[in-house]
Amino acid sequence: FRVSLINTMAAEAHIFPEQKLLISRFSGVLTNELFKGYYDDLLSLPGATIDFSELVDFRQITEVAIDDNTLAWVALQVDQAFKSAVIKPKCAVLAPHDLGFGLARMYEGGMSPNNVELGVFRDVAEALGWLKIDRPDFETALEQLDQSSPSLVLRRPSDPGPDSTR
């Protein structure tokens, strides 16, 4: 199942069933609309990944324009989606740059969902290790993800225009 919105990619989701891992990648300007819209779309996908861990990749963001209300809203949506999870899933936020790292630490410090264990990392190997992804080639595979990857299940542009389709 794929959701495609026509425009410049600013967020995408890749699923790796063997590792029970969802990768959420963001690029460009991270706005309230993009962040809320992405998680709204993601949590609406059929075949919810309730038993999957998530790697949130902020390595390609260039600007953060998100307020506390958006972080709290996303945390609430995630909490509701995972309230019936048998095992508390992990969410590793990969943010090597101060911009994304500060945002992730703020989220971790007071707004993160109760039903998900959250960790913030600057290094991809540390994030993958914390998630217990033990495939040695996974770091390389992560670098090679793009819009043609078979793992892609969702793309969201930074500003969906009137020609966008769903």
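Note that the coordinates shown come from a computational prediction; the quantities given were computed from them, not determined experimentally.

*Asks:* What exactly am I supposed to notice about the nonpolar core here?
*Replies:* Looking at soluble globular proteins, one finds that nonpolar side chains tend to be buried together. The biggest cluster of nonpolar side chains holds 35 residues, and the ones touching the most others in it are Phe-26, Leu-30, Phe-35, Tyr-39, Phe-58 and Val-93. When residues of this core are assigned to their parent elements, the largest contribution, 5 residues, is made by helix 1 (residues 32–44). Setting aside residues up to four positions removed in sequence, Phe-35 forms contacts with Phe-26, Leu-30, Phe-58, Ile-66, Thr-70, Leu-71 and Val-74. The next biggest cluster of nonpolar side chains, apart from the first, holds 15 residues, and it includes Ala-92, Ala-127, Leu-128 and Leu-145.

*Asks:* Can you walk me through the packing of helix 1 against helix 2 (residues 68–81) in this structure?
*Replies:* Working note: a packed helix pair is described by the angle between its axes plus the distance between those axes. Remark: helix 1 packs on helix 2, axes separated minimally by 10 Å, with the N-to-C direction vectors making an angle of 5°. Relative to helix 2, helix 1 is oriented roughly parallel. For the pair formed by helix 1 and helix 2, the contact residues are Asn-32, Phe-35, Lys-36, Tyr-39, Asp-40 and Leu-43 on the first element and Thr-70, Leu-71, Trp-73, Val-74, Gln-77, Val-78 and Ala-81 on the second. A class-by-class count of the residues in the contact of helix 1 with helix 2 yields 8 nonpolar, 3 polar and 2 charged.

*Asks:* I tried to follow the side chain of Ser-149 on my own but got confused; where do I start?
*Replies:* Within the secondary structure, Ser-149 is located in the loop between helix 5 (138–143) and strand 6 (152–157). On the accessibility criterion, Ser-149 (8% relative accessible area) is buried. Here Asp-146 takes part through its backbone nitrogen, which lies 2.9 Å from a polar atom of the side chain of Ser-149.

*Asks:* Mind showing me how you'd approach the pattern of salt bridges here?
*Replies:* Side-chain pairs of opposite charge can arise where the charged atoms are in close proximity. Summed over the entire model, instances satisfying the criterion amount to 6 salt bridges. Here Arg-156 ties to Asp-41 by a salt bridge, and the two come within 2.5 Å at their closest N and O atoms. One end of the pair, Arg-156, is in strand 6; the other, Asp-41, is in helix 1, with 115 residues separating them in the sequence. Of the two residues, Arg-156 and Asp-41, neither departs from the other in class, the shared state being buried. For the salt bridge of Asp-98 with Arg-122, the shortest nitrogen-to-oxygen distance reads 3.1 Å. Residue Asp-98 is found in helix 3 (residues 98–111), and its partner Arg-122 is found in the loop between strand 5 (117–121) and helix 4 (124–130); the two are separated by 24 residues along the sequence. Judged by its relative accessible area of 59%, Asp-98 is exposed. Looking at Arg-122, the relative accessible area reads 38%, which means it is partly exposed.

How each quantity is defined
- In this convention, every chain numbers its residues from 1, walking through the sequence in written order.
- Given that this is a predicted model, residues contribute local features only at a pLDDT of at least 70 and side-chain atom pairs are listed and counted only at 80 or more, while totals for whole chains, interfaces and linings are drawn from all residues.
- To obtain the side-chain values, all non-hydrogen atoms of the structure were included, while hydrogens and water were left out.
- What is meant by a nonpolar core is a set of buried Ala, Val, Leu, Ile, Met, Phe, Trp, Tyr and Cys residues, joined one to another through side-chain atoms within 4.5 Å.
- Only protein chains enter the accessibility calculation, which uses a 1.4 Å probe. A residue is then buried if its area is under 20% of the maximum for its type, exposed if over 50%, and partly exposed in between.
- Secondary structure elements follow DSSP: runs of H or I of four or more residues count as helices, runs of E of two or more count as strands, with numbering from the N terminus.
- A contact between two residues is defined here by any heavy atoms of the two lying within 4.5 Å.
- Where helices are involved, their axes are fitted lines through C-alpha atoms of the stretch in contact, as for all axes, and angles between N-to-C directions lie from 0 to 180°.
- Under this scheme an angle from 65 to 115 degrees is roughly perpendicular, one under 35 degrees roughly parallel, and one over 145 degrees roughly antiparallel; angles in between are oblique.
- Side-chain classes are defined by residue name, with Ala, Val, Leu, Ile, Met, Phe, Trp, Tyr, Cys and Pro counting as nonpolar, Asp, Glu, Lys and Arg as charged, and the others, Gly among them, as polar.
- Here a polar contact is recorded for every N or O atom pair within 3.5 Å, except that within protein the pair must consist of a potential hydrogen donor and a potential acceptor, and residues adjacent in sequence are included only if both atoms are side-chain atoms.
- Salt bridge criterion: a side-chain nitrogen from Lys or Arg within 4 Å of a carboxyl oxygen from Asp or Glu.

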